[in-house]
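Structural characterization, general
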Amino acid sequence: MWGSGDGSSSAPQFVEEEELDIDAAVRLLITAPGKKPDYESAIRKLEEVIDEDLEPVRKYEIAYLLASAHSELGSNARAWKAISLIPGAVTRDSWVTEDAYFDFLLRRAQIQVNTLQYDAALGTLKPLLEPLTKDVFGQAACLVAYGAYKGLNRHTDASSI
């Protein structure tokens with residue numbers, strides 16, 4: 001699909017169709033105050049494009065959003081299946097932004113805790129915990145790690161995190 005961008009340039013900009021689908025799915029996940037997110041519609045929209053031949057960063061974004069929607073619906077197995085489409089060895093450089101990478105780590109670790117993969121969750125959180133990032137990502141990582149330590153009956157580690 002061709003668009004004219006923000007009007008500051010006369011050159012047309014190419015917008016890939018999967019970007020429009022991702023945008024539409026995100027809009028279904030983020031709603032106006034007082035309305036509930038439409039997770040089912042977002043899942044359908046994302047599943048339409050997940051199997052297309054896409055750049056890895058786009059596939060990661062779609063898999064992340066799909067996992068998030070399934071997770072919010074309480075479908076832990078489907079959330080794990082979606083987040084597993086992103087290789088465990090993926091690096092920060094594979095994402096559009098560092099924040100997106102940290103969001104991915106947190107979502108993956110929370111899904112791992114929800115599916116009783118406590119040791120794996122702690123491994124996923126390692127980049128945020130060692131050394132501890134002193135921001136919202138580090139704080140969220142501590143909360144997820146707390147759940148993983150509790151699941152492993154490591155109460156001392158849970159209270160210290």
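A few points on the structure. Along every chain, residues carry numbers that run from 1 in the direction the sequence is written. Whole-chain, interface and lining totals are the exception, using all residues; otherwise, since this is a predicted model, local features are given only for residues with pLDDT of at least 70 and side-chain atom pairs are given and counted only at 80 or more. Only hydrogens and water are set aside when side-chain values are computed; all heavy atoms of the structure are taken into account.

All right, on to the packing of helix α2 (residues 39-49) against helix α3 (residues 56-72) then. The convention used is that axes are lines fitted to C-alpha atoms, helices contributing only their stretch in contact, and that angles between N-to-C directions extend from 0 to 180 degrees. Numbering of helices and strands runs from the N terminus, with a helix taken as a DSSP run of H or I at least four residues long and a strand as a DSSP run of E at least two residues long. Where α2 meets α3, the axes come as close as 9 Å, and the angle between the chain directions of the two elements is 150 degrees. Looking at the two axes, α2 sits roughly antiparallel to α3. At the point where α2 passes α3, the crossing takes the left-handed sense. Only I62, L65, L66, A69, H70 and E72 of α3 make contact with α2, whose side of the interface consists of Y39, I43, L46, E47 and V49. Classification used: nonpolar for Ala, Val, Leu, Ile, Met, Phe, Trp, Tyr, Cys and Pro, charged for Asp, Glu, Lys and Arg, polar for all others including Gly. Here the residues of the contact of α2 with α3 are counted per class, giving 8 nonpolar, 1 polar and 2 charged. Here is the rule for angles: anything less than 35 degrees is roughly parallel, anything more than 145 is roughly antiparallel, 65 through 115 is roughly perpendicular, and the remaining ranges are oblique. In a left-handed crossing the near helix is turned counterclockwise from the far helix by less than a right angle, and in a right-handed crossing that turn is clockwise. Note on contacts: a residue pair is in contact if any heavy atoms of the two residues lie within 4.5 Å.

Take the packing of aromatic side chains next. We call Phe, Tyr and Trp rings a pair once their centres come within 6.5 Å, taking the six-membered ring for Trp, and we label the pair stacked below 30 degrees between planes, edge-to-face above 60, and tilted otherwise. This model, assessed by the stated rule, comprises 5 aromatic pairs. Taken together, a centroid distance of 5.6 Å and an interplanar angle of 40 degrees make the contact between Y60 and W95 tilted. Of the two residues, Y60 sits in helix α3 while W95 sits in the loop between α4 (76-83) and α5 (98-114), which places them 35 residues apart along the sequence. Grouping residues by exposure puts Y60 and W95 together as buried. For every residue, the accessible area obtained with a 1.4 Å probe (protein chains only) is divided by the maximum for its type, and the residue is called buried under 20%, exposed over 50%, and partly exposed between those limits.

Looking now at unusual backbone geometry. With an omega dihedral of 0 degrees, the bond running from E130 to P131 counts as a cis peptide bond. You can see P131 is positioned in the loop between α6 (118-129) and α7 (136-151). Positive phi, normally seen in glycine, also occurs at L116, with a value near 65 degrees. For L116, the location among the structural elements is in the loop between α5 and α6. Residue L116 is classed as exposed on the basis of its relative accessible area, which comes to 60%. The backbone of N153 sits at a positive phi, close to 60 degrees, despite the residue not being glycine. Within the secondary structure, N153 is located in the loop between α7 and α8 (155-160). The exposure class assigned to N153 is exposed, which follows from its relative accessible area of 57%.

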